[in-house]
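So you can see what is in the structure, the chains are spelled out below.
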Amino acid sequence: MDLPKQITFKEVGPRDGLQNESRFVPTEKKVEWIDLLSQTGVSYIEVSSFVHPKWIPALADAEEVFNQIKRNQDVTYAALVPNIKGAERALKVDADEFAVFMSASETHNQKNINKSITETYDVLKEVVNEASSSNKKTRGYVSTVFGCPYDGHIAIDEVKKVCDQLLSMGIYEISLGDTIGIGNPKQVKSVMTELHKEFGIGKFALHFHDTRGMALANALAGLQAGVTIYDGSIGGLGGCPYAKGASGNVASEDLLFMLHEMGMNSEIDVHKLLKAASYIEGVFGETLPSHQLKLFEGG
Ligand code: HMG
Ligand code: MG
């Protein structure tokens, strides 16, 4: 099997993991959790989201969280940003990097950010320009790449159109979201082959939700297709509130266990990551989906 030697892992738990939660995790607990994550060797943490707090009340304390975390200089502390208002908020607390987002499908885009796909481009371009005028980079998410809860199967040409627009704005990397965990390994291979042909290798990350237990199989297909950047959420927390039935991301520790066992390097200490996962599990007081976490606690 031809696999990459080195992979880059991006932890999105504090944002994607918490955004769907009806229970509000107190700010000081979020901060303590992120501080634990900062000591694991992870190089990127998506700390919170500067969306409208009425839409995502669980992350209404984004400013406080950014202001209170202890920053490790080896970690990029990123923020999800939907528009210029979000960008201004993120700049005020000096988020290191922005992540913008939109969908490959019209209906999910509309429900998630209240705009058509075409209307969204100008909104995101403004964010990218604002970031770059402060010497900050912007990452981009494309949601519903592998299927939409409203529009069903998404043609690869629709995905390409959105990626083309995002890359031409100056976004440095696109994270392809399987928002509702409906993709399969054969599809991942074929989507990545098409996108690599069109845009080259190295521009894409994969962001798998594990709704149907397919995330690890899909990650393996991504690796075989040459993708070296993966997102995950410790404990397997999370989901998109505007995608019915969406559950958490692949658990970071399960993904990293697989990658490390197959000889790939990530620079991340999974034992320390498990301590951070165990911490947030304790805050919720219920078992999280992660497999490694169950073994860690049992052992
Ligand atoms: P809107 O209502 O269309 O916004 O929402 P608007 O521009 O019309 O403004 C309405 C009001 O909201 C105004 O206030 C604005 O100032 C205010 P008013 O004048 O009425 O008092 N406003 C804001 N306030 C604070 N922060 C802001 C902001 N923007 C406007 N940033 C908006 C548009 C994008 C804000 C809204 O739709 C929203 O917040 N959506 C959030 C959706 C979301 O967070 N979804 C989950 C994240 S995406 C995801 O999970 C997928 C991903 O993980 C990848 C994958 O898995 O596929 C990334
Ligand atoms: Mg997501």
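Refer to the structure presented above.
Note on numbering: residues in each chain are counted from 1, in written sequence order. Just so you know, chain letters begin at A and ligand numbers begin at 1, following the order they were written in. In keeping with the model being predicted, local features are shown solely for residues with a pLDDT of at least 70 and side-chain atom pairs are shown and tallied solely at 80 or more, while totals for entire chains, interfaces and linings include all residues. With hydrogens and water set aside, each side-chain value is computed from the structure's full complement of heavy atoms.

Visitor: Please explain the coordination of the magnesium ion (ligand 2) as it appears in this structure.
Guide: For a metal bound by four donors in a tetrahedral arrangement, the ideal donor-metal-donor angle is 109.5 degrees, while six donors in an octahedral arrangement ideally sit at 90 or 180 degrees. Protein-derived ligands of the magnesium ion (ligand 2) are D16 (OD), H207 (NE2) and H209 (NE2), with the metal-ligand distances lying across 2.1 to 2.3 Å. One chain supplies every donor to the magnesium ion (ligand 2), and in sequence these donors are spaced D-x190-H-x1-H. Taken as a pair, D16 in helix α1 (residues 13–17) and H207 in strand β7 (residues 204–208) lie far apart in primary sequence, 191 residues in all. Residue classification places D16 among the buried positions, given a relative accessible area of 2%. Sites may look incomplete, because water is not among the atoms used; the donor set itself consists of N, O and S atoms within 2.8 Å of the metal (3.2 Å for Na, K and Ca). Secondary structure follows DSSP: runs of H or I at least 4 residues long count as helices, runs of E at least 2 residues long count as strands, and numbering of each begins at the N terminus. Only protein chains enter the area calculation, which uses a 1.4 Å probe; residues under 20% of their type maximum are buried, those over 50% are exposed, and those in between are partly exposed.

Visitor: Please clarify how the pairing of strand β2 (residues 44–49) should be interpreted in this entry.
Guide: The two faces of a sheet get side chains in turn, since along a regular strand they alternate between them. For β2, the tally of buried residues reaches 6 of 6 residues, placing the bulk of the element in the interior. Bridge analysis of β2 against strand β3 (residues 76–80) gives 5 bridges, and the strand direction is parallel. Note that in β3 the partner of Y44 across the bridge is T76. Call a crossover right-handed when, viewed with both strands pointing away from you, the route from the first strand across the helix to the second goes clockwise. Read as a crossover between parallel neighbours, the route from β2 over helix α3 (residues 62–68) to β3 is right-handed. Strands are treated as partners if at least two bridges between them are detected by DSSP.

Visitor: Where do I start with the site of ligand 1 in this structure?
Guide: Think of it this way: one heavy atom of a residue within 4 Å of a molecule or strand is enough to make that residue near it. Around ligand 1 there are 27 residues in total, and Q19, N83, N112, S143 and T179 lie nearest to it. Between ligand 1 and the protein, one listed contact pairs an oxygen atom with a side-chain N or O atom of D16 at 3.0 Å. Polar contacts here mean pairs of N or O atoms no more than 3.5 Å apart (in protein, one a potential hydrogen donor and the other a potential acceptor; neighbouring residues in sequence count only if both atoms are side-chain atoms). At 3.1 Å from an oxygen atom of ligand 1 is found a side-chain nitrogen or oxygen belonging to H207. Only the protein chains shown count as cover for residues, and the accessible areas themselves come from Shrake-Rupley with a 1.4 Å probe. For ligand 1, the accessible surface in isolation is 1,100 Å², of which the surrounding protein chains cover 75%. Placement of ligand 1 is best described as lying within the largest pocket. The biggest single contributor to the shell around ligand 1 is helix α4 (residues 84–92), with 3 residues. Looking at the shell around ligand 1, its residues break down into 12 nonpolar, 11 polar and 4 charged. For cavity detection a 1 Å grid was placed over the protein atoms alone, and a set of points counts as a cavity when a 1.4 Å probe fits there but cannot get out; an open set counts as a pocket when protein lies on both sides within 12 Å along at least five of seven lines, with lining residues being those that have an atom within 4 Å of a point. By definition, a pocket or cavity contains a molecule when more than half of the molecule's atoms lie within 2 Å of the pocket's grid points. Under the grouping applied here, Gly and all other residues not named as nonpolar or charged are polar, the nonpolar ones being Ala, Val, Leu, Ile, Met, Phe, Trp, Tyr, Cys and Pro and the charged ones Asp, Glu, Lys and Arg.

Visitor: Please explain helix α9 (residues 215–224) as it appears in this structure.
Guide: Considered for burial, the residues of α9 that qualify are A215, N218, A219, A221, G222 and L223. Check the buried side of α9 and you find it contacts β6 (173–178), α8 (185–199), β7, β8 (229–232) and α10 (252–261). The positive-phi residue at the C-terminal boundary of α9 is G226, with phi of around 100 degrees. In this analysis, two residues are considered to be in contact whenever any of their non-hydrogen atoms come within 4.5 Å of each other.

Visitor: Quick question: what am I supposed to make of unusual backbone geometry here?
Guide: Negative phi values dominate among residues other than glycine, just as trans dominates among peptide bonds. The backbone of N135 sits at a positive phi, close to 60 degrees, despite the residue not being glycine. By the element assignment, N135 lies in the loop between α6 (117–133) and β5 (137–143). A relative accessible area of 74% means that N135 is categorised as exposed. Of note, T144 is a non-glycine position whose phi angle comes to about 60 degrees, a positive value.

Visitor: I would appreciate a short explanation of the side chain of S48 in the present structure.
Guide: Within the fold, S48 resides in strand β2. Judged by its relative accessible area of 1%, S48 falls in the buried class. When sequence neighbours within four positions are dropped, the list of residues in contact with S48 reads R15, L59, A62, F66, A78, A79 and L80.

Visitor: So what exactly am I meant to see when it comes to the packing of aromatic side chains here?
Guide: For any pair of aromatic rings, geometry is given as the distance between the ring centres together with the angle between the planes. Within 6.5 Å between ring centres, the rings of Phe, Tyr and Trp (the latter by its six-membered ring) count as paired, and their orientation is classed by plane angle as stacked under 30 degrees, edge-to-face over 60, tilted in between. A complete count under the given rule lists 3 aromatic pairs for this structure. Ring-over charges, as used throughout, are those where CZ of Arg or NZ of Lys falls within 6 Å of the ring centre and within 35 degrees of the ring normal. Seen from the ring of Y150, K111 lies directly overhead, with NZ or CZ sitting 5.1 Å from the centre. For the cation-ring pair, R139 lies above Y141, with the distance from its terminal atom to the ring centre recorded as 5.6 Å.

Visitor: What is the right way to read the packing of α10 against helix α11 (residues 270–284) from this model?
Guide: Helix-helix packing: each pair is described by the crossing angle between the helix axes and the interaxial distance. Angles shown run from 0 to 180 degrees and are taken between the N-to-C directions of axes, each axis being a line fitted to C-alpha atoms and, for helices, limited to the stretch in contact. At a minimum axis distance of 10 Å, the contact between α10 and α11 shows a crossing angle of 165 degrees. Compared by their axis directions, α10 and α11 come out roughly antiparallel. Both α10 and α11 take part in a crossing whose hand is left-handed. Facing α10, whose interface residues are S252, E253, L256 and H260, α11 presents V270, L273, L274 and A277. Grouping the amino acids of the contact of α10 with α11 by side-chain chemistry returns 5 nonpolar, 2 polar and 1 charged. An angle counts as roughly parallel when it lies under 35 degrees, as roughly antiparallel when it exceeds 145, as roughly perpendicular when it falls between 65 and 115, and as oblique in every other case. Helix crossings are classified by the rotation of the near helix relative to the far one: an anticlockwise turn of less than a right angle makes the crossing left-handed, while a clockwise turn makes it right-handed.

Visitor: I keep staring at the nonpolar core and nothing clicks. Help me out?
Guide: A general trend in soluble globular proteins is that nonpolar side chains are found buried together. By nonpolar core is meant a set of buried Ala, Val, Leu, Ile, Met, Phe, Trp, Tyr and Cys residues that side-chain atoms within 4.5 Å join together. Of all hydrophobic cores here, the largest spans 94 residues; its most connected members are W33, L166, I174, L176, M192 and L206. Ranked by residues supplied to this core, first place goes to α11 with 8 residues. With sequence-adjacent residues up to four places away left out, M192 is seen in contact with L176, F204, L206, A225 and V227.

Visitor: Looking at this structure, I do not really get the layout of surface pockets. What am I missing?
Guide: Grid points are joined across faces, edges and corners, and a volume is the space filled by probe spheres set on the points. In this structure, the largest pocket occupies an estimated 630 Å³ of space. Taken together, 33 residues form the lining of the largest pocket, with V51, P82, F101, N112 and I113 sitting closest to its centre. Among the residues forming the lining of the largest pocket, the class breakdown is 15 nonpolar, 13 polar and 5 charged.

Just distances and angles here, no functional claims.
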